Amino acid sequence: QVQLVESGGGLVQAGDSLRLSCTASGRTFSSYVMAWFRQAPGKEREFLAAIRWSVGSTYYASSVKGRFTISRDNGKNTVYLQMNSLKPEDTAVYYCAAREGLIISTRLDYNYWGQGTQVTVSS
């Protein structure tokens, strides 16, 4: 019903910045939440940030608050993750996700997922 496509990952050095994009296509909902997760090798998928699409209110995991910023472009149906001051421990596959409604979840109970984009941070 909804397809999510991430882009913007790559190889950077510690201290650099990256902006990830996720564009949604297909059917949209009356209200929905979009979020970013990441998964490092051998670790469970980790919640990073979420945004209520219609009003733009946000929520961040403590691990990234102050360094990462989630935002959206309503006209382009795109959500962004601006990542600053990147660290080697930020290396992971980054996923965007979406769920219907206004409730922000930090768990994996989202309805739709993108394919992921690799972010590698070297020292």
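Structural data are supplied above this passage.
Note that the coordinates shown come from a computational prediction; the quantities given were computed from them, not determined experimentally.

Cut-offs used in this document
- Residues numbered from 1 in each chain as written.
- Predicted model: local features only at pLDDT ≥ 70, side-chain atom pairs only at ≥ 80, totals over all residues.
- Heavy atoms only, no water.
- Phe/Tyr/Trp six-rings, centres within 6.5 Å; stacked < 30°, edge-to-face > 60°.
- Helix = DSSP H or I, 4+ residues; strand = E, 2+ residues; numbered from the N terminus.
- Buried < 20%, exposed > 50% of the residue type's maximum accessible area, 1.4 Å probe, protein only.

Caption draft 1: Seen up close, the packing of aromatic side chains. Under the criterion given, the structure shown has six aromatic pairs. Between Phe37 and Phe47, the aromatic rings sit 5.5 Å apart at their centres with planes inclined by 75°, giving edge-to-face as the arrangement. With a gap of ten residues between them, Phe37 in strand β4 (residues 32-39) and Phe47 in strand β5 (residues 46-52) connect regions that are remote in the sequence. The exposure class assigned to Phe37 is buried, which follows from its relative accessible area of 0%. Looking at Phe47, the relative accessible area reads 7%, which means it is buried. Measuring from centroid to centroid gives 5.4 Å for Phe37 and Tyr110, while their planes differ by 80°, and the two rings are edge-to-face. Of this pair, Phe37 sits in strand β4 while Tyr110 sits in the loop between β9 (92-100) and β10 (112-113), placing them 73 residues apart in sequence. The burial state of Phe37 is the same as that of Tyr110; both residues are buried. A connected cluster of aromatic rings, assembled from ring pairs, spans Phe37, Phe47, Tyr59, Tyr110 and Trp113.

Caption draft 2: Representation of unusual backbone geometry within the structure. With phi around 55°, Asn77 is a residue other than glycine that occupies positive phi space. Among the structural elements, Asn77 can be located in the loop between β7 (68-73) and β8 (78-83). Here Asn77 falls in the buried class, since its relative accessible area comes to 18%. One non-glycine residue, Ser85, lies in positive phi territory at about 50°. Mapped onto the secondary structure, Ser85 falls in the loop between β8 and β9. Take Ser85: its relative accessible area is 42%, and that puts it in the partly exposed class.

Shape descriptors only; they carry no functional weight alone.
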